[in-house]
Amino acid sequence: MTAASHQEPGIEIESFAPSPRALVTFESVTKIFGHLVALRNVSFRVTEGEVVCLIGPSGSGKSTALRCANGLESVTSGRVIFEGTDIAARNVDLRAIRQRAGMVFQNFELFPHLTALRNISLAPSLAGGLSKQDADAVALELLHKVGLPEKADQYPSALSGGQQQRVAIARALAMKPDLMLFDEPTSALDPETIGEVLNVMNQLAEEGMTMIVVTHEMDFARRVADRVIVFDHGEIIEVGSPEQIFEAATVPRTREFLSHLGWHQESPSSSRRRRKNKHQKTGRGPE
């Protein structure tokens, strides 16, 4: 008798796909600058392929958390685990970790004396072991990816803010990172160029890049994020899907913050009543 013959009638044996691995895990992280508690007991994790947006008022700890993710800031207490490694452990190669966690800053941070191409090819040639020719080929491919192949020989001063930020994204991608960190990448841009950068980020998300994004672009977070984490005064006050956070947040402070940005929500009880009435009218139960 085979193993299958012992199966109860009408019961199907399910096969489960393996859970996605956690790339970054924050475990009760606290960060203190002098008398300022920038992060207080922050815990969350980001799994492979996820896009997680960190939102909240200015000064709420979002950027500090992002900088702790790849060791640019050390933690006061708690742990940050990146791909299974406690990044504060003795003998950890932080440079190697930062090569696997590309970062895009608010103000581009391009080398002004290098062309767009060389800004991108520098790390692969110096740290990645590629010849200059191969590194330049990688850089040119990435300039095509961000829509700027014709700017290869231009210096940053000749580029618009949006173009500089797209070069910065290409530079961060040059080391083929497992994780991309974005620290308010559109905050220094004028409205006409914000869309250029968000389109590139949206493309990366569609390709499956794992991303942590600190942003005030709520439309982007609503469309692209898998999860949204809300910070206030150094603490996480709410975590949820974009639908939950932007349509039916349960924490009053989250609703207050979003209302200042023009997002007007129903109260959670009104939202539940509306969904219940909708299901009654359609004859369908909640999904």
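Quantities reported herein were computed from a predicted structural model and do not represent experimental measurements. (Residues numbered from 1 in each chain as written. Predicted model: local features only at pLDDT ≥ 70, side-chain atom pairs only at ≥ 80, totals over all residues. Heavy atoms only, no water.)

**Points about the pairing of strand 10 (residues 235-240)**
Consideration 1: Two elements, strand 9 (residues 227-232) and strand 10, share five bridges in a ladder whose sense is antiparallel. Across the sheet, residue aspartate 232 finds its bridge partner in strand 10, namely glutamate 235.
Consideration 2: Joining the antiparallel neighbours strand 9 and strand 10 is a turn of two residues, in which histidine 233 adopts a positive phi near 50 degrees. (Pairing = 2+ DSSP bridges. Helix = DSSP H or I, 4+ residues; strand = E, 2+ residues; numbered from the N terminus.)

**Details of the side chain of threonine 193**
Consideration 1: Tracing the sequence through the fold places threonine 193 in helix 6 (residues 191-206).
Consideration 2: You can call threonine 193 buried: its relative accessible area is 7%.
Consideration 3: In this view, threonine 193 contacts Ser160 and Gly162; residues no more than four positions away in its chain are not counted. (Buried < 20%, exposed > 50% of the residue type's maximum accessible area, 1.4 Å probe, protein only. Contact = heavy atoms within 4.5 Å.)

**Digging into the sheet that holds strand 5 (residues 85-86)**
Consideration 1: With respect to topology, four strands assemble into an open sheet ordered 2-1-4-5, the strand pairing being antiparallel. For this open sheet the edge positions go to strand 2 (36-47) and strand 5, each flanked by a neighbour on one side alone.
Consideration 2: With eight bridges connecting them, strand 1 (residues 22-33) and strand 2 associate as antiparallel partners. By the bridge assignment, phenylalanine 26 is partnered in strand 2 with phenylalanine 44.
Consideration 3: Taken strand by strand, helix 1 (residues 62-69) contacts strand 1, strand 2 and strand 4 (77-82), and its axis lies near 125 degrees from that of strand 1. (Axes fitted to C-alpha atoms, helices over the stretch in contact; angles between N-to-C directions.)

**Side note on unusual backbone geometry**
Consideration 1: Despite not being glycine, phenylalanine 108 has its phi angle at roughly 75 degrees, a positive value.
Consideration 2: Of note in the backbone geometry, lysine 176 takes a positive phi value of approximately 55 degrees without being a glycine.
Consideration 3: When you line up the elements, lysine 176 lands in the loop between helix 5 (161-173) and strand 7 (179-183).

**Some remarks on the sheet that holds strand 7**
Consideration 1: On the basis of which strands lie adjacent, the open sheet formed by six strands has the order 6-7-8-3-9-10 and mixed pairing. Both outer strands of the open sheet, strand 6 (101-104) and strand 10, are each paired with one neighbouring strand and no more. The sheet shows a mean angle of 15 degrees between the axes of neighbouring strands, taken without regard to direction.
Consideration 2: Examined bridge by bridge, strand 3 (residues 51-55) and strand 8 (residues 210-214) share four bridges and lie parallel to one another. Bridge pairing in strand 8 links valine 52 to isoleucine 212.
Consideration 3: Its contacts with the sheet put helix 1 on strand 3, strand 6, strand 7, strand 8 and strand 9, and the angle it makes with strand 7 is roughly 150 degrees.
Consideration 4: Helix 9 (residues 252-260) contacts strand 3, strand 9 and strand 10 of the sheet and is inclined by roughly 85 degrees relative to strand 10.

**Details of the environment of alanine 38**
Consideration 1: Along the chain, the position of alanine 38 falls in strand 2.
Consideration 2: Given a relative accessible area of 9%, alanine 38 falls into the buried group.
Consideration 3: Put simply, alanine 38 and glycine 234 are 196 residues apart on the chain and 5.0 Å apart in space, counted from C-alpha to C-alpha.
Consideration 4: Setting aside chain neighbours within four positions, we find alanine 38 in contact with Lys31, Phe33, Ser60, Gly61, Thr64 and Gly234.

**Some details on the pairing of strand 8**
Consideration 1: Taken across its five residues, strand 8 has five buried, putting it largely inside the fold.
Consideration 2: Covered by surrounding structure in strand 8 are Thr210, Ile212 and Val214 together with Met211 and Val213, the residues of both alternating faces.
Consideration 3: Bridge analysis of strand 7 against strand 8 gives five bridges, and the strand direction is parallel. Of the residues in strand 8, the one forming a bridge with leucine 179 is threonine 210.

**Some points on the packing of aromatic side chains**
Consideration 1: Summed over all chains, the structure comprises one aromatic pair.
Consideration 2: Ring plane angle 15 degrees and centroid distance 4.5 Å describe the contact between phenylalanine 26 and phenylalanine 44, whose orientation is recorded as stacked. With phenylalanine 26 in strand 1 and phenylalanine 44 in strand 2, the pair connects residues that are 18 residues apart, well separated along the chain.
Consideration 3: The class of phenylalanine 44 is buried, set by a relative accessible area of 8%. (Phe/Tyr/Trp six-rings, centres within 6.5 Å; stacked < 30°, edge-to-face > 60°.)

**Observations regarding the nonpolar core**
Consideration 1: Grouped together as the largest cluster of nonpolar side chains are 47 residues, with contacts concentrated most on Ile55, Ile169, Met180, Phe182, Met201 and Met211.
Consideration 2: Broken down by element, the residue count for this core peaks at seven residues, all from helix 6.
Consideration 3: Those residues in contact with isoleucine 169 that lie beyond four places of it in its chain are Val104, Met180, Phe182, Val197, Val200, Met201 and Leu204.
Consideration 4: Of all hydrophobic cores here, the second largest spans 26 residues; its members include Phe44, Ile97, Met103 and Leu181. (Core = buried A, V, L, I, M, F, W, Y, C linked by side-chain atoms within 4.5 Å.)

**Things to note about the confidence of the model for the protein chain**
Consideration 1: Put simply, the protein chain has an average pLDDT of 88, and 85% of its residues get 70 or more.
Consideration 2: Under a pLDDT of 50 for its full length, residues 1-15 has, in the predicted model, three contacts with residues more than four places off or in other chains.
Consideration 3: Long-range and interchain partners of residues 267-287, a stretch whose pLDDT sits below 50, account for nine contacts in this model, where long-range means more than four residues apart. (pLDDT = per-residue confidence, 0-100.)

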